[in-house]
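Examination of the molecular architecture
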Amino acid sequence: MADILEKPQQITFDVTDRCQLRCVTCSKWKTVASDVISKELSTDDWKKVLSDLRNWLGEGFWFCFSGGEPFLRQDIFELAEYAHSLGIHVASMSNAFSIQHLYEKIIDSPIESLNISLNAINNPIIHDESRGREGSYEKSLDAILTLKKLRDEKHSNLGINIATIVFPENVEEVIPLVEFVTKNKINGIMFQLLDDKESFHGYNYQKGCNTVGYKMPKELRVKYSNMAKRMIEVVDRLIEMKRAGHSIYNSYEQLEAMKIFFNNPDDILKEIKCDVGSTNYAIDPYGDVRLCFNMHPVGNIKENSPEEIWTGEKAIKCRQMTKTCKMYCRMLNCNFKHNFANFNKSFFHKLKNKAVKILTGKF
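These remarks concern the structure in this document. (Residues numbered from 1 in each chain as written. Predicted model: local features only at pLDDT ≥ 70, side-chain atom pairs only at ≥ 80, totals over all residues. Heavy atoms only, no water.)

Note that Tyr252 resides in helix H9 (residues 252-263). The class of Tyr252 is partly exposed, set by a relative accessible area of 32%. Apart from residues lying up to four places away in sequence, Tyr252 is in contact with Ile239, Lys242 and Arg243. Here Arg243 takes part through its backbone nitrogen, which lies 3.4 Å from a polar atom of the side chain of Tyr252. (Helix = DSSP H or I, 4+ residues; strand = E, 2+ residues; numbered from the N terminus. Buried < 20%, exposed > 50% of the residue type's maximum accessible area, 1.4 Å probe, protein only. Contact = heavy atoms within 4.5 Å. Polar contact = N/O pair within 3.5 Å; in protein donor to acceptor, adjacent residues only side chain to side chain.)

Structure follows, in structure tokens:
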């Protein structure tokens, strides 16, 4: 019996590749603004996308502004207002580097959830070096605390969250970040493991990756190995903290899977099914649609409707390709929210019974 294709559950608008930072975990910053700004979808283009999605998916669904840095677009609030008028829920990412003059507008806008990047709390240098711009830590921290203060004063419903990428240099920052979230009554924090920086590329110059023939860069594998033992201990503490009521958005299953991953990353390729092809719908700044940000486009929103793209031949082929994909990004948050039911039974058994002797590196 063939699988029934449901409508997408995660909608992402990558509204621009432009960014002010030079993150070591990403390569979008290589995008030259003057080369792409005229190619980006217009305000009217994005409004048509919203209307078409509303007609297909109905009201009440969520989408997230992403990038690049979404707030570099002058029309971001106009688009948020239009989405809200259609009964669509709006979230956004931000590196917070250039939003200080927008605090009031953000609070007064229909944006319901804002995820701000912060990779350290005790050591500003770690955050600044990972973001490639001095002063980025100070701006992220100011945005989090000031927006929280304004939200409380205005009785706004804006959810303020922290998004943290975990890499060798900030492993010791993970627990303090959770404590900071709890102490300051921030809504929550989501951790994402370091991935190949070429996965987060500007779509203007790179349409997709060789996902079938992919091999993890040696440098990245060494980084995982160097942080593995300590990270497993940190993840165990995160699980304890989540059970105690700390607002950690990663599921228990994902946290347990991180330990399997750090024991041997290659096991993830065998044990976790990538499900983004049946859940994710991402539109890039130029109208190309992807089911996976690493794979090639399955259509363009200016040429076909969202539903036609979702059910088209290229989308079908993309879903088939996920079965042979050799990339490790299936551990990322975009995949993990939906695919626990699709784990191999042996992997579920390992998680449930904790049969893997992770700290010894042996099964």
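Quick look at the nonpolar core now. Soluble, globular proteins show a tendency: their nonpolar side chains are buried together. Judged by nonpolar contacts, the single largest core of 106 residues is most densely connected at Phe13 and Phe63. Looking at this core, the element that brings in the most residues is helix H8 (residues 218-243), giving eleven residues. For Phe63, the residues in contact, after removing those within four places along its chain, are Ile11, Phe13, Leu50, Ala83, Ile88, His89, Val90 and Ala91. (Core = buried A, V, L, I, M, F, W, Y, C linked by side-chain atoms within 4.5 Å.)

Turning our eyes to something else, we now look at the environment of Glu307. Its location among the elements puts Glu307 in helix H11 (residues 306-311). Taking the C-alpha atoms as reference, Glu307 lies 6.8 Å from Trp56; in sequence the two are 251 residues apart.

It is worth spelling out helix H5 (residues 124-131) at this point. Among the residues of H5, Ile126, His127, Asp128, Ser130 and Arg131 are the ones counted as buried. At its buried positions, H5 is contacted by strand S4 (111-117), helix H6 (136-154) and strand S5 (159-166). By the N-cap criterion, in which a side-chain oxygen at the helix start approaches the backbone nitrogen of a residue two or three places on, H5 is capped by Asn123, the distance to Ile125 being 3.1 Å.

Of note, the amide linkage connecting Gly67 to Gly68 takes the cis form, showing an omega dihedral of 15 degrees. You can see Gly68 is positioned in the loop between strand S2 (62-66) and helix H3 (76-85). Phi is positive for His155, which is not a glycine, with a value near 55 degrees. Its place among the elements puts His155 in the loop between H6 and S5. On the basis of relative accessible area, His155 is assigned to the exposed category, the value being 69%.

A few words on the packing of H5 against H6. It is the contact of H5 with H6, at a shortest axis distance of 8 Å, that shows an interaxial angle of 105 degrees. In terms of their interaxial angle, H5 and H6 are classed as roughly perpendicular. Where H5 approaches H6, its residues Pro124, His127, Asp128 and Arg131 are matched on the opposing element by Ser136, Tyr137 and Ser140. Residue composition of the contact of H5 with H6, grouped by class: two nonpolar, three polar and two charged. (Axes fitted to C-alpha atoms, helices over the stretch in contact; angles between N-to-C directions. Parallel < 35°, antiparallel > 145°, perpendicular 65-115°, else oblique. Nonpolar A, V, L, I, M, F, W, Y, C, P; charged D, E, K, R; others polar.)

Looking now at the side chain of Lys242. Structurally, the position occupied by Lys242 is in helix H8. Within the structure, Lys242 has its side chain in polar contact with the backbone oxygen of Asn250 (distance 3.2 Å).

Where charged atoms from two side chains of opposite charge come close, those side chains can pair. The tally for this structure, following the rule as stated, stands at 20 salt bridges. In this structure, Lys154 engages Glu104 in a salt bridge whose closest nitrogen and oxygen atoms are separated by 2.6 Å. Residue Lys154 is located in helix H6, and its partner Glu104 is located in helix H4 (residues 103-108); the two are separated by 50 residues in the primary sequence. Lys154 gets classed as partly exposed once you look at its relative accessible area, which sits at 38%. (Salt bridge = Lys/Arg side-chain N within 4 Å of Asp/Glu carboxyl O.)

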